[in-house]
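Inside the fold
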Amino acid sequence: QVQLVESGGGLVQPGGSLRLSCAVSGSIFSIKDMGWYRQAPGKQRELIAGISSGGSTNYTDSVKGRFTISRDNAKKTGYLQMHSLKPEDTAVYYCNADLEVLEGVTIFDYWGQGTQVTVSS
């Protein structure tokens, strides 16, 4: 069974850094578009960063210049490097991906299980 498995969350002080990982478990042909979302308590889930299969990236304004999304296709893994973290970055972070499970067969909207990021002193 194909799954997205996230890791790397935790507690960090303001100004600190974390790197989240999103690994595809199971056999696939390729990863198409991939994105990171977050959901803070009482708020809707929001898209914060995306990366296309060709490597083009985009970010929501609140994380531009602080977060970097990347991917390693050989490792079937995506990353979100977060710097200069702020208390308002506290949320559950989710990865999302469209996966080409067989050549020419893409299944959209796989979600990871979520990982908690807490920014607090």
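Residues numbered from 1 in each chain as written. Predicted model: local features only at pLDDT ≥ 70, side-chain atom pairs only at ≥ 80, totals over all residues. Heavy atoms only, no water.

Notes on the overall build of the protein
Rules: The secondary structure listing takes helices from DSSP runs of H or I that are at least 4 residues long and strands from runs of E that are at least 2 residues long, numbered from the N terminus. A radius of gyration in this sense is built from C-alpha atoms; the matching globule rule multiplies 2.2 Å by the number of residues raised to 0.38. Under the scheme applied here, a residue whose accessible area is under 20% of the maximum for its type counts as buried, over 50% as exposed, and between as partly exposed, the area being computed with a 1.4 Å probe on protein chains only. In what follows, residue pairs with any heavy atoms lying within 4.5 Å of each other are defined as contacts. In this tally, Asp and Glu contribute negative charge and Lys and Arg positive charge; neither His nor the terminal groups of the chain are included. A charge is said to be at NZ when it belongs to Lys, at CZ for Arg, at CG for Asp and at CD for Glu.
For the protein, the helix and strand inventory stands at zero helices and 11 strands. Walking the protein from its N terminus toward its C terminus, one meets helices and strands in the order β-β-β-β-β-β-β-β-β-β-β. Relative to its length of 121 residues, the protein is compact, with a C-alpha radius of gyration of 14 Å against a globular reference of 14 Å. Along the first, second and third principal axes, the C-alpha set of the protein runs to 45 × 25 × 25 Å. Burial status across the protein gives 40% buried among its 121 residues. Summarising the internal contacts of the protein: among those between residues at least 6 apart in sequence, 55% fall at separations of at least 24. Positive and negative side-chain charges in the protein, numbering 11 and 11 respectively, have mean positions lying 5 Å apart.

Re the packing of aromatic side chains
Note the following rule: Under the pairing criterion, centres of Phe, Tyr and Trp rings, with the six-membered ring standing for Trp, must be within 6.5 Å; the plane angle then separates stacked pairs below 30 degrees from edge-to-face pairs above 60, leaving the rest tilted. Each ring is checked for a lysine NZ or an arginine CZ that lies within 6 Å of its centre and within 35 degrees of its normal; such an atom marks a charge sitting over the ring.
This model, assessed by the stated rule, comprises two aromatic pairs. Ring centres 6.4 Å apart and planes at 85° place the aromatic pair tyrosine 94 and tryptophan 111 in the edge-to-face group. Taken as a pair, tyrosine 94 in strand β9 (residues 91-102) and tryptophan 111 in strand β10 (residues 105-111) lie far apart in primary sequence, 17 residues in all. What links up through ring pairs into an aromatic cluster is the set Tyr37, Tyr94 and Trp111. The cationic tip of arginine 45 hangs over the ring face of tyrosine 94; the distance from NZ or CZ to the ring centre is 3.7 Å. The positively charged end of arginine 45 is found above the aromatic ring belonging to tryptophan 111, 4.8 Å away from the centroid.

Notes on the pattern of salt bridges
Note that side chains of opposite charge can pair when their charged atoms are close. Selection rule: Salt bridges, as used here, are contacts in which a Lys or Arg side-chain nitrogen is within 4 Å of a carboxyl oxygen on Asp or Glu.
For the coordinates displayed, the defined rule picks out five salt bridges. Its salt-bridge partner being arginine 38, residue glutamate 46 comes within 3.0 Å of it at the nearest N-O pair. With its nearest N and O atoms 2.8 Å apart, the salt bridge here joins arginine 66 to aspartate 89. Within this pair, whereas arginine 66 is found in the loop between β6 (57-59) and β7 (67-72), its partner aspartate 89 is found in the loop between β8 (77-82) and β9, the two being separated by 23 residues in sequence. Owing to a relative accessible area of 10%, arginine 66 belongs among the buried residues under this scheme. Given a relative accessible area of 1%, aspartate 89 falls into the buried group. Look at the salt bridges and you will find they share partners, linking Arg38, Glu46, Arg66 and Asp89 into a network.

Considerations on the pairing of β7
For the record, the criterion: Note on pairing: DSSP must find at least two bridges between two strands before they are called paired.
Side chains Phe67, Ile69 and Arg71 of β7 all project onto a buried face; the interleaved residues Thr68, Ser70 and Asp72 project onto a face where none is buried. The pairing of β7 with β8 spans six bridges and is antiparallel. Looking at the pairing, arginine 71 lines up with glycine 78 of β8. In sequence, β7 turns back onto β8 through a hairpin of four residues, with lysine 76 there showing a positive phi of about 55°.

Just distances and angles here, no functional claims.
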